[in-house]
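# Structural description and commentary
What follows is the residue order along each chain.
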Amino acid sequence: MSFPEADKADHFYVNDGMSLEEKFATEFAKLGGKFVYCANEAEMIQQLQALTDTMKWKQIHTLDSYLNQLAQEHQLDYITRDNTLQNIEVGISLTECLVARTGSVIMSSAMDYGRRLPVYAPIHIVVAYANQVVWNISDAIEYLQKKYPKGLPSMIALTTGPSRTADIEKTLVVGVHGPKEVYVFFVDKQA
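Note that the structure is a prediction, hence the values are computed from the model and not measured.

## Remarks on the overall build of the chain
When helices and strands are counted, the chain shows five helices and twelve strands. A total of 191 residues make up the chain; the buried ones form 45% of that total. Across the chain, every contact between residues at least 6 apart in sequence was considered, and the portion connecting residues at least 24 apart equals 71%. Put simply, the chain shows about 10,600 Å² of open surface, and 52% of that area lies on carbon and sulfur atoms.

## Looking at the pairing of strand β12 (residues 181-187)
Burial analysis of β12 places seven of its seven residues in the buried class, which makes it a mostly covered element. Side chains of β12 alternate between two faces, with Glu181, Tyr183, Phe185 and Val187 and Val182, Val184 and Phe186 buried alike.

## Comments concerning empty space enclosed by the protein
It is the rolling of a water-molecule-sized probe over the atoms that shows where space remains empty. All chains considered together, the criterion is met by one cavity of 30 Å³ or more. By volume, the largest cavity is sized at about 40 Å³. Lining the largest cavity we find Met44, Ile45, Leu48, Leu67, Leu70, Ala71, Leu76, Ile79 and Ile92. Contributing elements (two or more residues each) for the lining of the largest cavity: α2 (41-55) and α3 (65-73). Across the lining of the largest cavity, the residue classes tally to nine nonpolar, no polar and no charged.

## Quick look at the side chain of Thr52
Within the secondary structure, Thr52 sits in helix α2. Reaching out from Thr52, the side chain makes a polar contact with the backbone oxygen of Leu48 at a distance of 2.8 Å. Apart from the residues lying within four places of it in its own chain, the contact partners of Thr52 are Trp57, Ile60 and Tyr78.

## Topic: the environment of Asn136
Its place among the elements puts Asn136 in the loop between β8 (133-134) and α5 (137-147). Its relative accessible area of 11% is what places Asn136 among the buried residues. When the C-alpha atoms of Asn136 and Thr102 are compared, they prove to be 7.5 Å apart, with 34 residues separating the residues in sequence.

## Considering the sheet that holds strand β9 (residues 156-159)
Taken together, the four strands give an open sheet; going across it, the order is β8-β5-β6-β9, and neighbouring strands pair in mixed fashion. Strand pairing shows two members of the sheet lacking a second neighbour, β8 and β9, which therefore form its edges.

## What about α2?
Every α-helical turn comprises 3.6 residues, leaving residues that sit three or four positions apart pointing alike. Across its 15 residues, α2 extends 21 Å between first and last C-alpha, which sits within 8% of the 21 Å expected from 1.5 Å per residue. Within the span of α2, buried status applies to Glu41, Met44, Ile45, Leu48, Leu51 and Thr52. Projected down its long axis, α2 carries its buried residues within an arc of 130 degrees, all on one side. Opposite the buried face of α2, at more than 90 degrees from it, the exposed residues are Gln46 and Thr54. Backbone nitrogen of Ala42 and a side-chain oxygen of the N-cap are separated by 3.2 Å at the start of α2; the cap is Asn40. Once α2 ends, the next one or two residues include Lys56, with phi positive near 60 degrees.

## Notes on the pattern of salt bridges
According to the stated counting rule, one finds four salt bridges in the structure shown. Lys23 is paired through a salt bridge with Glu27; the nearest N and O atoms lie 3.3 Å apart. On the criterion of helical spacing, the pair formed by Lys23 and Glu27 is a turn pair, its members being four residues apart in helix α1 (residues 20-30). Each member of the pair, Lys23 as well as Glu27, is classed as buried. Bridged by salt links that share partners, the residues Lys23, Glu27 and Lys30 form one connected network.

## Structural notes on the confidence of the model for the chain
Summary statistics for the chain give a mean pLDDT of 84 and a share of 80% for residues scoring 70 or more. Taken as a whole, residues 172-176 scores under 50 in pLDDT and shows 15 contacts with residues more than four places along the chain or in a different chain.

How each quantity is defined
- Residues numbered from 1 in each chain as written.
- Predicted model: local features only at pLDDT ≥ 70, side-chain atom pairs only at ≥ 80, totals over all residues.
- Heavy atoms only, no water.
- Helix = DSSP H or I, 4+ residues; strand = E, 2+ residues; numbered from the N terminus.
- Buried < 20%, exposed > 50% of the residue type's maximum accessible area, 1.4 Å probe, protein only.
- Contact = heavy atoms within 4.5 Å.
- Areas by Shrake-Rupley, 256 points an atom, 1.4 Å probe, with all protein chains shown as cover.
- 1 Å grid on protein atoms, 1.4 Å probe; cavity = no way out; pocket = protein on both sides within 12 Å on 5 of 7 lines; lining within 4 Å.
- Points joined across faces, edges and corners; volume = space filled by probe spheres on them.
- Nonpolar A, V, L, I, M, F, W, Y, C, P; charged D, E, K, R; others polar.
- Polar contact = N/O pair within 3.5 Å; in protein donor to acceptor, adjacent residues only side chain to side chain.
- Pairing = 2+ DSSP bridges.
- Expected span 1.5 Å × (residues − 1).
- Arc of directions from axis to C-beta.
- Salt bridge = Lys/Arg side-chain N within 4 Å of Asp/Glu carboxyl O.
- pLDDT = per-residue confidence, 0-100.

Below, the structure written as structure tokens:
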């Protein structure tokens, strides 16, 4: 490598006095993501119920075992487990971690939904916890290496806001290759 010190320095760091959580929320919102702060899981359930009522969603699909268990405990009958993901409108999942600097969500094939849910759902809700926020992408890779010491998952996806693309005339189109809307419900407790 011509410049070995490039991997060691974080040339993008600006000490703006924000916590990792605040930086993630700011960057995520700049890219069209919707950040929802929740002090605990009970508040997360309340916020999710309020959003579901406001948006008039009939069902939210998940493949995550933990979220299914949480839905059953709180009698959230609109959260369903559907392995086919046919005609899915809204999906909810956990995440591997959040990258504060870029406002990105890290997903992997090792999670209960594998590679499917974040791509199929036009609206994707991500549930994240305080101990899952890291500064940079390199920190996210280290986080995953510690979580999966026998080898990284076969697919690691970095999702930064809603799916978007632009054509040659610079016309921006949202929701082409993935969700049109992405929500992060940030639970301020350890996972």
